[in-house]
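If you want the building blocks of each chain, they are given just below.
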Amino acid sequence: MSRHLEVREVLRRITASARRLLGAEYAALGVPDDHGGFAQFVVDGVTDEQWRAIGPLPRQHGVLAAMLHETGPIRLDDVRRAPAFGGWPEAHPGLGAFLGMPIVDADHDAENEDEDAGEDEDGPEVLGVIYLANKSGGGGFTDHDEELLRILAAHAALALTNARLYERSRELTLAGERARIAHDLHDAVSQKLFSLRLTAKAAAKLVDRDPARARAELAEVARLAAEAADELRAVVVELRPAALEEDGLSATLASQVQVLDRAHNADIAFAADRVRALPQTQEAALLRVAQEALHNALRHSGAGRVTVTLAGTPERGAVLRVSDNGRGFDPGAVRRAGRHLGLASMRDRAAAVGGRLTLDSSPGAGTVVEMEVPGA
């Protein structure tokens with residue numbers, strides 16, 4: 001569980017593991033929202049057809065709701081005889097023996113060790129609840145089952161907290177990238193628009209007095225307008241969410257390279273070879289590194305040609321390579337000057353998914369950025 005950082009995948013694995021380890025026919029895991037429902041609700045042991053027939057996600061009522069206010073397990077020989085039982089939809093499978101275990105915030109006790117008992121009025125936060133039903137072979141769940149589920153819930157709390165922190169870090173990263181794009185807009189587009197405005201004013205004043213010079217100024221206006229349009233198109237590409245889940249990494253990269261090729265004077269090409277599907281986190285990291293490397297090549301290198309390649313490896317991983325024939329630079333001098341060109345961010349992205357990033361550049365010799373990930 002600790003290897004998977006996306007919340008949905010963590011929940012799915014917890015639920016499937018609980019059902020398998022305790023020999024239950026059905027398992028579910030619910031993460032509550034603040035509006036009387038569940039932000040996430042994952043089931044195991046129910047087919048997709050059955051799940052669709054059951055209908056919308058459950059609300060917080062009956063035994064499900066009771067568990068959200070408990071910090072200990074609930075074990076029942078027959079859930080239908082529980083005082084809180086409120087029934088289920090017509091297509092819902094029949095449930096008998098029941099075991100529910102809250103997933104409690106793992107850090108709560110540590111945070112409140114030195115506090116007086118009376119100061120902690122709310123108690124530990126319930127992050128979610130694991131529900132099991134119908135013990136295989138008949139009969140009810142045992143003390144041993146309960147202890148196993150308690151241990152699993154403790155691990156689940158750590159994994160779920162970890163996944164939440166990871167998603168928050170991704171949100172912060174996204175906010176940082178948007179800030180960078182806003183900075184780029186100010187530095188590039190707004191400056192060009194300001195120059196365009198001044199040049200247009202100069203042309204207007206010269207129309208009667210010096211028509212030839214006015215025509216030259218108008219030609220400069222057209223050039224600046226074209227450059228501003230190119231910059232805006234590039235920013236739009238960066239703001240547009242990548243369709244990784246729908247199209248995959250190769251198709252998403254190909255689409256972005258195609259748009260950038262139309263928007264810039266440089267010749268930008270993409271090629272893919274034997275690329276397998278990768279874990280989502282690795283595909284996202286490869287895409288972001290490719291975007292950052294392309295951004296640097298198109299904005300800073302003066303390159304006439306940029307090539308992006310993506311190739312599979314025998315170890316079921318992939319290698320991304322972004323190369324340009326631009327002016328190149330001395331990486332050591334860039335670091336000493338405090339300018340990073342996003343290199344630290346790219347290296348962090350690679351390391352976060354178990355990958356490796358290398359950069360090869362020197363003045364007059366272009367730049368090559370290469371990132372390799374190991375795959376699943």
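Just so we're clear, the structure is a prediction, and the values are computed from it rather than from any experiment.

Definitions and limits used
Residues numbered from 1 in each chain as written. Predicted model: local features only at pLDDT ≥ 70, side-chain atom pairs only at ≥ 80, totals over all residues. Heavy atoms only, no water. Helix = DSSP H or I, 4+ residues; strand = E, 2+ residues; numbered from the N terminus. Buried < 20%, exposed > 50% of the residue type's maximum accessible area, 1.4 Å probe, protein only. Contact = heavy atoms within 4.5 Å. Areas by Shrake-Rupley, 256 points an atom, 1.4 Å probe, with all protein chains shown as cover. Polar contact = N/O pair within 3.5 Å; in protein donor to acceptor, adjacent residues only side chain to side chain. Pairing = 2+ DSSP bridges. Axes fitted to C-alpha atoms, helices over the stretch in contact; angles between N-to-C directions. Phe/Tyr/Trp six-rings, centres within 6.5 Å; stacked < 30°, edge-to-face > 60°. Core = buried A, V, L, I, M, F, W, Y, C linked by side-chain atoms within 4.5 Å. Expected span 1.5 Å × (residues − 1).

A. Representation of the overall build of the protein chain within the structure. When its secondary structure is counted, the protein chain shows 10 helices and 10 strands. Here the protein chain holds 376 residues, and the buried ones make up 42% of them. Looking at the protein chain alone, contacts between residues at least 24 apart form 65% of all its contacts between residues at least 6 apart. About 20500 Å² of surface is accessible on the protein chain, with carbon and sulfur atoms providing 50% of the total.

B. Representation of the side chain of Glu-283 within the structure. With respect to the helices, strands and loops of the structure, Glu-283 is situated in helix α8 (residues 280-300). A distance of 3.2 Å separates a polar side-chain atom of Glu-283 from the backbone nitrogen of Leu-278.

C. Broad picture of the sheet that holds strand β7 (residues 305-312). Pairing is mixed across the open sheet formed by 5 strands, whose spatial order is β6-β7-β8-β10-β9. Only two strands of the sheet have a single partner each, and these edge strands are β6 (267-273) and β9 (356-361). For this sheet the average axis-to-axis angle between neighbouring strands, irrespective of direction, equals 10°. Summarising the sheet, β7 and strand β8 (residues 318-324) pair through 7 bridges and their orientation is antiparallel. Paired with Leu-310 across the strands is Leu-320, a residue of β8. Packing against the sheet, α8 makes contact with β6, β7, β8, β9 and β10 (367-373), and its axis sits at approximately 5° to β8. Packed on one face of the sheet, helix α10 (residues 343-352) meets β9 and β10 and runs near 150° to β9.

D. Broad picture of the sheet that holds strand β5 (residues 126-135). Here 5 strands make up an open sheet; going across it, the order is β2-β1-β5-β4-β3 and the pairing antiparallel. Where the open sheet ends on each side, the last strands, each with one partner, are β2 (38-44) and β3 (74-76). Neighbour-to-neighbour, the strand axes of this sheet turn through a mean angle of 15°, independent of strand direction. Where strand β4 (residues 98-104) meets β5, 7 bridges bridge the pair, whose relative direction is antiparallel. Pairing of Phe-98 across the sheet is with Ala-133, part of β5.

E. Quick look at the packing of aromatic side chains. Counted under the stated rule, the structure contains 4 aromatic pairs. Relative to Trp-51, the ring of Phe-41 has its centre 6.2 Å away and its plane inclined at 5°; by these criteria the two rings are stacked. A residue pair is termed long-range when its members are at least 10 positions apart, and Phe-41 in strand β2 and Trp-51 in helix α2 (residues 48-54) qualify at 10 residues. By relative accessible area, Phe-41 is classed as buried at 9%. Judged by its relative accessible area of 25%, Trp-51 falls in the partly exposed class.

F. The nonpolar core, seen in detail. Core analysis: the biggest nonpolar cluster contains 33 residues, and Leu-286, Leu-294, Val-306, Leu-320 and Met-371 have the highest contact counts within it. Mapped by element, the contributors of at least two residues to this core are α7 (244-263), α8, β7, β8, α10, β9 and β10. In terms of residue count, α8 provides more of this core than any other element does, 9 residues in total. When neighbours within four sequence positions are excluded, Leu-294 is seen to be in contact with Val-257, Leu-260, Ile-268, Val-306, Val-308 and Val-322. Counting 26 residues, the second-largest nonpolar core is a separate cluster that includes Ala-18, Leu-29, Leu-152 and Ala-153.

G. Summary view of the side chain of Thr-15. Considering the arrangement of structural elements, one finds Thr-15 in helix α1 (residues 7-22). Here Thr-15 falls in the buried class, since its relative accessible area comes to 0%. Those residues in contact with Thr-15 that sit more than four places away from it in its chain are Ala-27, Ala-28, Leu-29, Val-42, Val-43 and Asp-44.

H. Fine view of α8. For α8, spanning 21 residues, the distance from its first C-alpha to its last is 30 Å, which sits close to the expected 30 Å at 1.5 Å a residue. Buried residues dominate α8, accounting for 16 of its 21 residues. One or two residues past the end of α8 sits Gly-302, with phi positive at roughly 65°.

Distances and angles like these do not, on their own, reveal function.
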